[in-house]
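# Breakdown of the fold
So you can see what is in the structure, the chains are spelled out below.
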Amino acid sequence: MKKDVEKLVENIIIVFLILFGLFLVYQIMKNALGGSWTTENIIISLLIFNLGCVLTIGFSLAKLGSDHKHLSNQFKSLAGDFKRYVKK
């Protein structure tokens with residue numbers, strides 16, 4: 001149940017980042033054509049977008065590291081079983 005909630009939160013963050021990124025691209029194109037946002041606002045928005053991407057990558061990396069520990073224990077058990085099999 002906890003993993004489902006974590007995955008849901010991660011997916012919501014990713015969707016939000018994609019939508020925010022598309023909105024930033026729209027604002028940059030609008031500014032390039034003489035539109036609304038000032039350059040400082042675009043730079044701050046890009047920094048916030050970058051921070052969100054880094055956090056999402058960090059969450060994925062933390063999950064990958066915890067999955068690796070689980071696999072490490074399974075490989076240790078497999079190696080022990082193999083050693084017992086070879087000794088017979």
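In what follows, the structure referred to is the one given above.
What this report covers is the structure whose coordinates are included nearby. Quantities reported herein were computed from a predicted structural model and do not represent experimental measurements.

About the cut-offs
- What you see as residue numbers is a count from 1 along each chain, following the sequence as written.
- A pLDDT threshold of at least 70 governs which residues receive local features in this predicted model, and a stricter bar of 80 or more applies before side-chain atom pairs are shown or counted, although totals over entire chains, interfaces and linings include all residues.
- Note that water and hydrogens are dropped before the side-chain values are worked out from all heavy atoms of the structure.
- Each helix is a run of DSSP H or I of at least 4 residues and each strand a run of E of at least 2, with the numbering of both proceeding from the N terminus.
- The globule rule used for comparison is 2.2 Å times the number of residues to the exponent 0.38, while the radius of gyration itself is calculated over C-alpha atoms.
- Residue contacts are defined here by distance: any two heavy atoms, one from each residue, within 4.5 Å place the two residues in contact.
- To measure how exposed things are, a 1.4 Å probe is used in the Shrake-Rupley method; for residues, cover is taken only from the protein chains shown.
- Only four residue types enter the charge count, namely Lys and Arg as positive and Asp and Glu as negative; His and the chain termini do not.
- A charged residue contributes its charge at one atom only: NZ of Lys, CZ of Arg, CG of Asp or CD of Glu.
- For the exposure calls, accessible area comes from a 1.4 Å probe over protein chains only, and a residue counts as buried if that area is under 20% of its type's maximum, exposed if over 50%, partly exposed in between.
- Whenever two N or O atoms come within 3.5 Å, that pair is a polar contact, provided that in protein one can donate a hydrogen and the other can accept it, and provided that, for residues adjacent in sequence, both atoms are side-chain atoms.
- Any helix carries an expected span of 1.5 Å times its number of residues minus one.

### Here we look at the overall build of the protein chain
A count of helical and extended segments in the protein chain gives two helices and zero strands. Taken over the C-alpha trace, the protein chain has a radius of gyration of 23 Å; the compact-globule value for 88 residues is 12 Å, which it surpasses by more than 25%. Over its C-alpha atoms, taken along the principal directions, the protein chain stretches across nearly 80 × 25 × 15 Å. Within the protein chain, residue pairs in contact and separated by at least 24 positions form 50% of the contacts whose partners lie at least 6 positions apart. Split by element, the accessible area of the protein chain, about 7,500 Å² in all, is 73% carbon and sulfur. Between the mean site of the 11 positive side-chain charges and the mean site of the 6 negative ones, the protein chain shows a separation of 13 Å.

### Quick notes on the side chain of T56
By the secondary structure assignment, T56 is in helix α2 (residues 39-87). Relative accessible area serves as the criterion here: at 11%, T56 is assigned to the buried category. Looking at T56, its side chain comes within polar contact range of the main-chain oxygen of G52, at 2.9 Å. Beyond its immediate stretch of four places on either side in the chain, T56 contacts I13, I14 and L17.

### Here we look at helix α1 (residues 2-32)
For α1, with 31 residues, the first-to-last C-alpha span of 45 Å sits near the 45 Å given by 1.5 Å per residue. Every buried residue of α1 is listed here: E10, L17, F20, G21, L24 and Q27.

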